Amino acid sequence: MTDKKEIEAYLSIKAPESLKVRIETERERSRSKNLATVRSFYALAACLALVVIVFLFLPMNNTSLYFDGNKVTSKGLVLGEVPNTNARVMTLSTASSVNIPLEIKTDKKVKVSVTNGFLALPDSEIITQEIEIDKDTSLVWVAEGDFYLQEYNLIIEKEKELICYSISKDDKRNSIILSEK
């Protein structure tokens with residue numbers, strides 16, 4: 001067993017002051033690194049939460065026009081070809097009115113209007129040049145007259161934005177197209 005003098009001698013051994021300073025410095029660095037890591041993690045988590053909240057509560061007003069299940073873009077969708085080579089084309093080029101089935105996908109209230117012809121809801125007797133909708137809606141654009149002589153526009157008005165679609169002749173494709181202006 002150790003006696004009291006050995007214990008006192010052991011306890012009286014002093015480490016050099018430079019070693020104590022180095023140990024304390026390393027301990028402080030370790031604490032500050034851990035604290036910085038934790039703070040960074042919390043900041044990242046807060047930013048992620050903010051982004052999620054913004055996307056959940058941000059009012060999205062995605063409004064699009066579809067013809068035959070395809071979204072109408074500035075490139076345009078072919079309604080019919082020129083010259084008359086099939087029944088659909090003949091209808092487009094020779095009829096005094098053409099029914100163009102469309103679908104408007106929206107999640108906000110919008111006003112839809114046409115410059116030539118009128119709009120009709122498929123299972124309704126409502127016929128109008130202007131209609132307000134607030135959900136995905138199928139409708140028929142009844143375009144009247146000659147596609148070569150008149151300008152045909154369908155306008156979707158939402159909040160502070162107008163989206164205009166038109167029927168026109170595309171000489172490159174030798175077609176009548178519906179496109180976003």
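Residues numbered from 1 in each chain as written. Predicted model: local features only at pLDDT ≥ 70, side-chain atom pairs only at ≥ 80, totals over all residues. Heavy atoms only, no water.

So, the overall build of the chain
- A count of helical and extended segments in the chain gives three helices and twelve strands.
- Looking at the chain residue by residue over its 181 residues, the buried ones come to 29%.
- Considering only residue pairs separated by 6 or more positions, the chain has 59% of its internal contacts joining residues 24 or more positions apart.
- For the chain, the accessible area works out to roughly 12800 Å², and carbon and sulfur atoms hold 56% of it. (Helix = DSSP H or I, 4+ residues; strand = E, 2+ residues; numbered from the N terminus. Buried < 20%, exposed > 50% of the residue type's maximum accessible area, 1.4 Å probe, protein only. Contact = heavy atoms within 4.5 Å. Areas by Shrake-Rupley, 256 points an atom, 1.4 Å probe, with all protein chains shown as cover.)

A short note on unusual backbone geometry
- Phi is positive for D68, which is not a glycine, with a value near 55 degrees.
- Tracing the backbone shows D68 in the loop between β1 (64-67) and β2 (70-71).
- With phi around 40 degrees, E159 is a residue other than glycine that occupies positive phi space.

A word on the pairing of strand β11 (residues 161-170)
- Note that strand β10 (residues 152-158) and β11 share seven bridges and pair antiparallel. Residue pairing in the sheet places N153 in a bridge with S166 of β11.
- Between β10 and β11, which follow one another and run antiparallel, lie two residues, and E159 among them has a positive phi close to 40 degrees.
- Inspection of the sheet shows β11 paired to strand β12 (residues 175-180) by six bridges, in the antiparallel sense. (Pairing = 2+ DSSP bridges.)

A closer look at the nonpolar core
- The biggest cluster of nonpolar side chains holds 27 residues, and the ones touching the most others in it are I100, L102, V112, W141, L154, I167 and L178.
- Ranked by residues supplied to this core, first place goes to strand β4 (residues 97-105) with four residues.
- Excluding its chain neighbours within four sequence positions, the residues that come into contact with L154 are L65, L102, V112, S113, V114, L119, W141, I163, C164 and Y165. (Core = buried A, V, L, I, M, F, W, Y, C linked by side-chain atoms within 4.5 Å.)

Looking at the side chain of S166
- Mapped onto the elements of the fold, S166 is located in strand β11.
- The contact partners of S166, leaving out residues within four places of it in the chain, are Y152, N153, I177, L178, S179 and K181.

A short note on the sheet that holds strand β7 (residues 127-128)
- Reading across from one edge, β2-β1-β4-β9-β6-β7 is the order of the six strands in this open sheet, with antiparallel pairing throughout. The sheet is open, and its two borders are formed by β2 and β7, each paired with just one other strand.
- By the bridge criterion, two bridges tie β1 to β2 in an arrangement that is antiparallel. In the sheet register, Y66 faces β2, and the bridge partner there is K71.

Focus on the pattern of salt bridges
- Overall, the coordinates contain five salt bridges when judged by the stated rule.
- For K111, the salt bridge identified is with E157, shortest N-O distance 3.6 Å. Taken together, the residues span a long stretch of sequence, with K111 in strand β5 (residues 110-114) and E157 in strand β10 at a distance of 46 residues.
- The network of salt bridges with common partners includes K111, E130 and E157. (Salt bridge = Lys/Arg side-chain N within 4 Å of Asp/Glu carboxyl O.)

Things to note about the packing of aromatic side chains
- Counting across every chain of the model gives one aromatic pair.
- One residue, K105, lies across the ring of Y66, its end atom 4.6 Å from the ring centre. (Phe/Tyr/Trp six-rings, centres within 6.5 Å; stacked < 30°, edge-to-face > 60°. Lys NZ or Arg CZ within 6 Å of the ring centre and 35° of its normal.)

Examining the confidence of the model for the chain
- In the predicted model, the chain carries a mean pLDDT of 79, and the fraction of residues at 70 or more is 85%.
- Averaged pLDDT values over the elements of the chain bottom out at 44 in helix α3 (residues 87-94) and peak at 91 in β5.
- Across residues 83-94 the pLDDT falls below 50, and counting only partners more than four positions away or on other chains, this stretch makes 20 contacts in the model. (pLDDT = per-residue confidence, 0-100.)

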